[in-house]
Structure formats: C-alpha cells, structure tokens
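Observations on chain architecture
So the chains spell out like this:
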Amino acid sequence: MKNIANWLKNRPKWLQKAARMLIQKDTLTASDINELVGLCKEETDNQINSNKINLPLNALENNVDQTLRLCTISNIQGINALAPKKSLELGSGNLSIIYGQNGTGKSGYVRILKHACGARNPGLLLPNVWLETPQRQGCSISYEKDGVKQQFLWDATSGMIEDLRNVDIFDTSCGQVYVNNENEVTYEPPILSFFTDLIRLCETVGLQLDDEIDKLNSKKLALPSEFEFSELGQWYDELSHETTSDDLNKKCTWKEDDIKKLEEIDKRLKEKTPEDKVNQLSNQKEHIDFLINETIKCFNQNSDQNYKKILLFKSNATLKKNTAEITADKLFSNAPLEGIGSDVWQSLWEQARKYSEEQAYKDKLFPYVGEEAICVLCQQPLLKKAKNRLKGFEEFVKGNLKKEAELAKKKYDEAFDSVDEIITSESLKTKIDAAGISKIDIIQQINDAYQVLRTRKEELFKADKIEDITITLPKTEALWLKRQTNKQDFLDEVVIQEANSSWLEKISQQSSTYEKNIKIYDKDAKNKNKDKLEESSLSLKVRQWLSQQKQVIEEEIERLKKVHKLQMAKQLTNTSGLSRKKGDLAEVLITNAFVGRFNTELERLGATRIKIELGKTRTEKGKVLHQLKLQGVSGIMTKNILSEGEYKIISLAAFFADVEGKTDISPFVFDDPISSLDQDFEEAVVKRLVELSQKRQVIIFTHRLSLLGMIQDYGKKVNITPIINCIRYESWGTGEPGETPLFARKPASALNDLINKRLTYARKLYKEKGQVVSYPYIKAICCDFRILLERMIELELLADVVGRHRRAVNTMGKINKLAKINNNDCKFFDEMMTKYSKYQHSHSNEAPVRLPNPDELNEDLNALKEWHDNFKKRLNK
C-alpha cells in the first residue's frame, strides 16, 4: 500500500483527490464528478492547492461496492414448461429455500437466473417442447439495488441484466466449469477494483470536460407532504452552503434505539382507537340507513295505492287510443284498406311526410295535392278522389283525439318510469355486508322482500288492472311502514307486535344501537388526546427519512458550495499510467489471494484430506487464469480421479473462494448444493451456506427434505429463520408457487389453518353438497392431521430434542422439558395416532372405516389445540 501511495503522489493533484474520494465513498455521484472536473480545470490553470493529500489506502481492504437482492420472478413466457400464475417470491430475508419435487420447475427458474445474471455455462433456454414455439421468451424480474426496488421486463434475446451481473449461481454445470477448465477469477481485489474505478473516473471526467458541462443537477428529493410542517422538514427545505457537518450529522443520525422507539409509538397509534371505532360505526350506520330509506321508497313506489294510480293512467291512455282508432275507422270506413289510424299506419304516414317535406316537395305543406302532384308512396299522379283522401288523413292526424291519446300515453309512461329500478341482488349483498348485518334470517328476509318488489314491478308492466298484480307486499314490513307514518292507528297490541317482528324494525334498532355507540365512542375520543404521540412519531419518521437521504443531502450541500465554471483539461485524464500499474498489481494480488481463499474453504468444508491444489496456469491479455490440479499427479484430468462427492465439494470450495473475494453484497443462488455428498460434507456445506446468509442473500433450490431440515437446524443456532417457498406442477405447467407444506410449518400455525380454513370449507361442503362431495376434503384433513400429530410430538412434546433427517441430538435448554411429560400426554397422543393412522390405509369393503364428520373432526382438532396451550403453560411454570 505504501508503494501505491508513493506512486499516486506523483500523479496529478486532481487525480489524487479523485483517488481519495473513491476510497471514502461507495460510489461517486454527479456532484463528485463535477468537483473533480473543477479541480482538473484549476490544475490546468495552476490554481489548485499544492497541499499534501493523504490517501487512506488501507480502507480499500474493506471496500463494499453495492448491495443487491433478488425479489421475484413472474410473468414467465416460453421458458421450459414454466407457466406459473403467481410470482415466485425469492424471500424477504437473507436465507430462502425454494422447495419442490422433481419436475416442478426448480431447474427452469435457475436457468432463467443464469441467463439473466450472465452466469458461466448458462446452457440452452428451451421453450416447452410439447407446445408450439412461443413468439417470446422472457419474464419479469424484480430486485433491490442499494435498497431501491426495481422491476425489469427481461427478454431472453437481450442477454444479461447489467444490474444482476454480480449474482453468483452454483449448479452442476457450474461445478464442472470450476473443476475441469481454466478459469479467470470473477472478482477483483479491492485495490484492483479501485484502479478500475479510477480509470473509469478519468474517462468520465474527460468526457464531461469535452461536453463542457456547466452545472450540476440537484439530487435532492422532494420532501414528502406529510413532513412539510415539521421542524426537521423546514430544516431540509432550507439547506444551504452554510449547513455544517455537525448540523447534518445531528439532523440525520438514526440509531437502533430510534427504531425501537418508533416501532413502539406506531404500535400504540395503530391500536383500535375510539376514533377508528366511530368511523367504523358511522360507515355501518350510513349503509343500514340507506337500506331502510331505500326500502321505504321502494315499498311506497310499489304499493297498491301507487299501482292503482299508474294503472289508471294506463287505462285512460288505452281508452284515448281506442277512441282515436274508432274515430279513424268511421272517417275512413270507405277506404280501400283497413287499419287507417293505427300505430303502424301513423308511422307510415309520418315517414311519408318526412320524405315529402325533405326531398320530394321541399317548402310545400304535406300532403302536397297541387295539379302536378304525384303520390310520394306509389309515385303515381294523384286523382281528385285520392287528393281528398290525403287531406282527410292529415286532418285526422292533426285532430284533438290523437293528441289526447298521445298525451295520455305520455302521462302513463311518466307514471310508470317514476317507479325506480329495484336494487340488484349483488348490490343488495354489498350493502348488507357494509351495514354489518350478519344474522342469516334477517339477510334472507331482506332478500325475499326485494325479490317480491322485483316480481311486482314485472307484473306491473303487464297488468291492466290492480287485480292483475298477484304478488302482495310482505305484510309485516307493510305494517311497519304504516306505523311509521301513522302511529295513532296502531292501538292494537297484536298489530304492533306483528309490525315489530319485521326485519325493518330489527335493522332500525341496529341503526339506533350504532348511533348510541357512536356517541359513546366519540365521547371517549374527545377525552383521549394522542397529539403528543403523533408528534413524536412524525419527528422520528422525518429523521429516519433524512438519515436515508444523508448522502444525497451531503451531495446537495457540496453542490451549493461548488457553483463554478468548467474548462478543458483533457490532458490530465490520460489513463495509460493507471492501466500499466493495474496490470503489474494483478499478477501478484489475484493469484495469491485466490489460492489462499480456496485453501480456507477446503478447511471450512472439511475437505483438506483431498489432495487438490489451485494454481496459476498462464496470463492472457491481462487476465490471470487458474486451474484445480491433483497434488503430485500429472497427465490425468482431475474429474477422472475424484469421486462424485469429492468432485462436488471441491467445486463448491472453488466457487466459494472465487465469489467470497467480491466486494459487492450480492446474492448467492444454489441448485441442490448437497447432492452426491455424504453426511459430513452435507452438514459442512449447510453450515457454510448459513454463514454466508449472515451477510448476504442466499437462495437454495432443492427437493431434499434432509437439506431443508439441516438448514432450519443450523439457522436456529445463529437466530436465522429460513423462508421456505414451495413450487409444484399444475395442469397448466410447472413452477407454480404454493403454500408451505405441512412438514415445514410450525405445528401451531398448521393446526390453526386446519381448523379455521380447511375444516370450515369441508363443513360447508358437507352441509350443502353431502358426504360424497365432502369425502375427499375430510379425508385429506384426516391425513394431514396424522402428519401434524407426528410434528407436534417431535417439536412440542419431545421439545425438538431429536428430529428426522438430523444427526444432532439437541439437549441444551431442551431436554429438561421432557420431564414435564405425563402419562395423560402419552395416552392422548397414542389414542389420536391410533385413530387417525387408519385413515391413511385402504380397508376391506366388508369392514370399511367411517370418516369422522366435521363436528367430530373439529372436536379432535380443538382437543389438540387445547393440549398444546396447556402444555405450553405447563412448560412455563
């Protein structure tokens, strides 16, 4: 490092400054680049400060470039047989397991990642060979880069996603590359990465100088609206070049204690408050009052009294129409054809009028009967008799009887249209739910009443007299409505009691209850002041937001301090010297560091007995190549000597050694990393994977339950709980994410799911569809209950002291719990296991085994839940 520092001291002053900035910051921003352009310009003009610049090169040993996380894969098209309808979640934590049996799509997902991340030996990305060739191959990949979530619509033809180039992926083909071939190390030691970044920086400054950039764009984010009137928000808005570092650190500091304090305050604020209850009750009262008012309106509009008025209008309209038609028959009794004056005839007459006035005889009154007049319909000359007949037709059309008939029809139409459409069943259900009406009998009565209203309106359309309306309004609701409008008529207690039995009375009482409770909760709300809590929460949230923007704020302050001119200084940005120096360092640093890490990984994985070594083979175009070789053996390929398990563990050691040198905190993806390994190697690899997950994201694809169990066990030792996602094969394709299988879930959570979800659904089928339809669902619950009993014995009764697929016996802090087991516990599980084991086997038709009904199954499930609760209490005594 000292030689490098001395070498840099002979470089231009602005370049020394650039080197210092690269060491001190993760990445240089636009503000930093512009500062360097200014320094380069000053040095050209001999105006730069000649003071010594200290370069803390030791900081390069712990340099970190960026943080990267994979989030989801979705919208897959044309890749293998993958056709999931849901997104594959790659886990919010650092350790994720994607579990699936063979043929469920695990390798397909790994192939996608290998191509999208630019992995070595990615292989072919084939479509589903049993379907037509797709027009597109691709998917949507979401990821977080330095805490910022991004969505990328990836097309297979576009190659690697640049942001994901540092994702490391290990599978069988990757292992072959590490063991069989010469390899260039995929990482650069921090000092070489530093030189790479410095060369790129020179090129960037040179380009920016060429482009004559004259200003810096502010990266300062807009203050969220909810922070505008806070004290810290005002400070942020008023940032200036006078803002000090002390002030910046004071305003932007965010500590672990602050996180806990904010969580505690927000938890208190999110608890059900009187204000929340007032809003909830007010919303329910609004919907229940709508139902009452809507029903009153509909009953009034569809009452016999209103129908009589409407049918009276209809009768009058019919009478007027018939009178007009009779008069027409008399006037035109001698007409050659019948139907003069009918609706069809009048329609024909009006069309003839339109044709005459708009085309045939413009500007002449219809009917035109001049000497040269021709019939607008038959196109023949009009004789005198025909002309007179046409005049008579027009006089009839314009006569009073016809107008009266039309007016009567209009009044009837208006009266009929005044009866509003009845609310649909779907909208009615929404209103009932929103009103908080939960009693089945009341809901049924409401639906029945509105069905009566719909039927009555349909009959009204066809009816000519009130006797044609066969459906009557519900008596109790009608009595209730009458009582509301004329209470003095209800002196008969029997009648009053019948009216009170109406569902309208019941939901009116419910509305009154809502109103009463609203007043109570509103009073409580006024007596409880949360202003101070909300103020403290807001202050903490503003400071948390400012801490996240600290670097941006620093850049903004620097930008405000550095408003200046830019001048050309391209000669100081030449990269030849930097490139030569980097080449000299690579020869020494890469080989030694890589070999050292490889040997360390062999030791960690317990593979030091394998006589293998990693050595440099040659240098080509600045790249240093390495290959694994057997110690003391020449002329024989390594793959022909090692066993399959040794081959796998050596390739894993080489992989870990390669990627562990990277400075980026980027994900590791493993596809079945312990296949072909014995128990010792398996445990060593699992331990190493868990260690890696403590500082970066580790994603493991597997079909092995033993791996799943070992990861969970080793994770517990370092307080890491792996996130387990499962994929399966469906009729439409592979890779479909689903629920975590029973064996991978906590027993208490699985038990609650059986009771609250699956049994509830099976009970509904049992009641509505019968035993035949519900049988497979109930049997599936019985089988899963049997598995759950085993899990409850293993993890709760026996305190996870021993476990299947696990070598270790966990005694520390657990074995003493076995003393709490009594004979009743053993008897309970023995009876349950005996009962539910028989449902997993076939039986003779002569001696069939009856499945328990939902009530019996519910009793047994809750018995297990009660045992679990009591046993936990017993352990805590």
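Report on the accompanying structure.

Basis of the calculations
Starting from 1, residues in each chain are numbered consecutively following that chain's sequence as written. The model is predicted, so local features are restricted to residues of pLDDT at least 70 and side-chain atom pairs to those at 80 or more, both for listing and for counting; the totals for chains, interfaces and linings are taken over all residues. Heavy atoms from the whole structure form the basis of all side-chain values; hydrogens and water molecules are not counted. For the purposes of this entry, the term helix denotes a DSSP run of H or I that reaches at least four residues, the term strand denotes a run of E that reaches at least two, and both are numbered from the N terminus. Each residue is assigned to one of three classes by its accessible area relative to the maximum for its type, calculated with a 1.4 Å probe on protein chains only: buried under 20%, partly exposed between the two thresholds, exposed over 50%. What makes two residues a contact is simply this: any of their non-hydrogen atoms within 4.5 Å. Using a 1.4 Å probe, accessible areas were evaluated by the Shrake-Rupley method; residue-level cover was limited to the displayed protein chains. Only strands joined by at least two bridges in the DSSP assignment are considered to pair. Under this scheme, a helix contributes an axis fitted over its contacting stretch, all axes are lines through C-alpha atoms, and angles between N-to-C directions fall in the 0 to 180 degree range. Residues belong to a common nonpolar core when they are buried Ala, Val, Leu, Ile, Met, Phe, Trp, Tyr or Cys residues joined through side-chain atoms within 4.5 Å. Stacked, edge-to-face and tilted are the three classes for Phe, Tyr and Trp ring pairs, Trp counted by its six-membered ring, which pair at centre distances within 6.5 Å; planes under 30 degrees apart are stacked, over 60 edge-to-face, the rest tilted. The rule for a salt bridge is simple: a side-chain nitrogen of Lys or Arg has to be within 4 Å of a carboxyl oxygen of Asp or Glu. Patches here are clusters of residues that have more than 30% relative accessible area and form no salt bridge, with a 9 Å joining cutoff for like charges and a 5 Å cutoff for nonpolar side chains (Val, Leu, Ile, Met, Phe, Trp, Tyr). Roughly parallel here means an angle under 35 degrees, roughly antiparallel means over 145, roughly perpendicular means 65 to 115, and every remaining angle is called oblique. Put simply, a crossing is left-handed when the front helix is turned counterclockwise from the back one by less than a right angle, and right-handed when it is turned clockwise. Residue classes follow a fixed rule: Ala, Val, Leu, Ile, Met, Phe, Trp, Tyr, Cys and Pro count as nonpolar, while Asp, Glu, Lys and Arg count as charged, and any other residue, Gly among them, counts as polar. Positive charges come from Lys and Arg, negative ones from Asp and Glu, while His and the chain ends are left out of the count. Charged groups are reduced to one reference atom each: NZ for lysine, CZ for arginine, CG for aspartic acid, CD for glutamic acid.

A few words now on the overall build of the protein chain. Check the secondary structure of the protein chain and you find 29 helices and 13 strands. Buried residues in the protein chain amount to 44% of all 877 residues. When contacts within the protein chain are restricted to residue pairs at least 6 apart in sequence, long-range pairs at least 24 apart make up 74% of them. Accessible surface, the protein chain: about 48800 Å² in total, of which carbon and sulfur atoms supply 49%.

Quick look at the sheet that holds strand β6 (residues 168-170) now. Strands pair in a sheet through their backbones, by hydrogen bonds, and they do so in one of two ways: parallel or antiparallel. Pairing within the open sheet is mixed, and its six strands lie in the order β6-β10-β11-β3-β12-β13. Two strands in the sheet have a free side with no partner beyond their single neighbour: β6 and β13 (733-738). Taken pair by pair, the neighbouring strands of this sheet meet at an average axis angle of 20°, ignoring direction. Bridge count between strand β10 (residues 668-671) and strand β11 (residues 698-702): four bridges; the pairing is parallel. Along β11, the bridge assignment pairs Asp671 with Phe701. Sheet contacts for helix α25 (residues 705-717): β3 (95-99), β11 and β12 (723-730); angle to β3, the most-contacted strand, approximately 165°.

As a further point, take the nonpolar core. In this structure, Ile649, Leu652 and Phe670 are the most contacted members of the largest nonpolar core, which totals 42 residues. Residue assignment for this core shows that the elements contributing at least two residues are β3, α22 (576-604), α23 (644-659), β10, α24 (679-692), β11, α25 and β12. Top element by residues in this core is α23. It accounts for ten residues. Dropping the residues within four chain positions of it, Phe670 is found in contact with Phe170, Leu652, Phe655, Phe656, Leu689, Leu692, Val698, Ile699, Ile700 and Phe701. Counting 29 residues, the second-largest nonpolar core is a separate cluster that includes Leu113, Cys139, Trp154 and Ile699.

Under the criterion given, the structure shown has 18 aromatic pairs. Relative to Trp545, the ring of Tyr236 lies with its centre 5.1 Å away and its plane at 80°, an arrangement referred to as edge-to-face. Here Tyr236 is found in helix α7 (residues 231-237), whereas its partner Trp545 is found in helix α20 (residues 531-548), with 309 residues between them in sequence. The pair Tyr236 / Trp545 is uniform in exposure class, with both members buried. Relative to Phe416, the ring of Tyr412 lies with its centre 6.2 Å away and its plane at 40°, an arrangement referred to as tilted.

Let us look at the pairing of β12. Looking at chain direction, β3 and β12 are connected through four bridges and run parallel. Residue pairing across strands places Ile97 opposite Ile724, the latter belonging to β12. By the bridge criterion, four bridges tie β12 to β13 in an arrangement that is antiparallel. Among the inter-strand pairings, Cys726 is bridged to a residue of β13, identified as Gly738. The antiparallel pairing of β12 with β13 creates a hairpin that spans two residues between the two strands.

What follows is about the pattern of salt bridges. This structure, assessed with the given rule, holds 33 salt bridges. For Lys297, the salt bridge identified is with Asp420, shortest N-O distance 3.0 Å. Here Lys297, found in helix α10 (residues 274-301), pairs with Asp420, found in the loop between α14 (400-417) and α15 (425-434); they are 123 residues apart in sequence, far enough to count as distant. Of the charged contacts, one joins Arg353 and Glu350 as a salt bridge, the two residues approaching to 3.1 Å between their closest N and O atoms. Placement of the pair is Arg353 and Glu350 together in helix α12 (residues 343-360), with a separation of three residues, close to one helical turn. Taking the relative accessible area as the measure of exposure, Arg353 reaches 14% and is therefore buried. Through salt bridges that share partners, Glu601, Arg604, Arg688 and Glu691 make up one connected network.

Here the focus is the side chain of Ser693. On the secondary structure map, Ser693 appears in the loop between α24 and β11. Assessed through its relative accessible area of 1%, Ser693 is described here as buried.

This part covers the sheet that holds strand β1 (residues 68-77). Reading across the sheet, the four strands line up as β2-β1-β4-β5 and stay open at both edges, with antiparallel pairing between neighbours. Of all the strands in the sheet, the pair left with one neighbour each is β2 (88-89) and β5 (148-155). Across the sheet, helix α4 (residues 106-117) lies against β1, β2, β4 (138-145) and β5, angled at about 115° from β1, the strand it touches most.

Next up on the list: a nonpolar patch on the surface. Together, Leu798, Val802 and Val809 give the surface a local cluster of nonpolar side chains, amounting to about 220 Å² of exposed area. Tracing the chain through its elements places Val802 in the loop between α27 (771-797) and α28 (823-837).

Contact pair α23 / α24: the axes reach a minimum separation of 12 Å and the direction vectors enclose 15°. Comparing their axes, α24 and α23 come out roughly parallel. You can see that α23 and α24 cross each other, and the crossing is left-handed. On the side of α23, the interface is formed by Ile649, Leu652 and Phe656, while α24 contributes Phe681, Val685, Arg688, Leu689 and Leu692. Here the contact of α23 with α24 is composed, by residue class, of seven nonpolar, no polar and one charged.

With that settled, the discussion passes to the side chain of Arg696. Position of Arg696 among the secondary structure elements: in the loop between α24 and β11. The exposure class of Arg696 is buried, given its relative accessible area of 6%. Beyond its immediate chain neighbours, meaning those up to four positions away, Arg696 contacts Asn94, Val659, Glu660, Lys662, Asp664, Ile665, Ser666 and Phe668.

Okay, the packing of α10 against helix α17 (residues 475-485) next. For the pair α10 and α17, the least separation of the axes is 11 Å and the interaxial angle reads 100°. For the element pair α10 / α17, the angle class is roughly perpendicular. Between α10 and α17, the contacting residues are Ile292, Ile296 and Phe299 on the first element and Glu477, Ala478, Trp480 and Leu481 on the second. In terms of residue class, the contact of α10 with α17 is made up of six nonpolar, no polar and one charged.

Right, let's get into the environment of Ile665. Considering the arrangement of structural elements, one finds Ile665 in the loop between α23 and β10. A relative accessible area of 28% places Ile665 in the partly exposed class. A C-alpha to C-alpha distance of 6.1 Å links Ile665 and Gln66, two positions 599 residues apart in sequence.

The next subject is the pairing of β3. The buried fraction of β3 amounts to five of the five residues, a majority that puts the element mostly inside the structure. Covered by surrounding structure in β3 are Leu95, Ile97 and Tyr99 together with Ser96 and Ile98, the residues of both alternating faces.

A negative phi angle characterises most non-glycine residues, just as the trans form characterises most peptide bonds. The amide bond that connects Phe366 to the next residue, Pro367, takes the cis arrangement and shows omega of -5°. Positionally, Pro367 belongs in the loop between α12 and α13 (384-397). Even without a glycine there, the phi angle at Asn75 is positive, about 50°. One non-glycine residue, Asp146, lies in positive phi territory at about 55°. By the secondary structure assignment, Asp146 is in the loop between β4 and β5.

Assignment of secondary structure puts Leu818 in the loop between α27 and α28. Measuring from C-alpha to C-alpha, the distance between Leu818 and Val801 comes to 9.0 Å, with 17 residues separating the pair along the chain. If near-sequence neighbours (up to four positions away) are discounted, Leu818 is found in contact with Leu797, Leu798 and Val801.

What follows covers a negative patch on the surface. On the surface, a cluster of negative charge is contributed by Glu275, Asp276, Asp531, Glu534 and Glu535. Secondary structure elements with two or more residues in the negative patch: α10 and α20. In terms of residue count, the dominant contributor to the negative patch is α20 (three residues). Take Asp276: it is sitting in helix α10. On the basis of relative accessible area, Asp276 is assigned to the partly exposed category, the value being 32%.

Everything listed is a geometric property; what it means functionally is a separate question.
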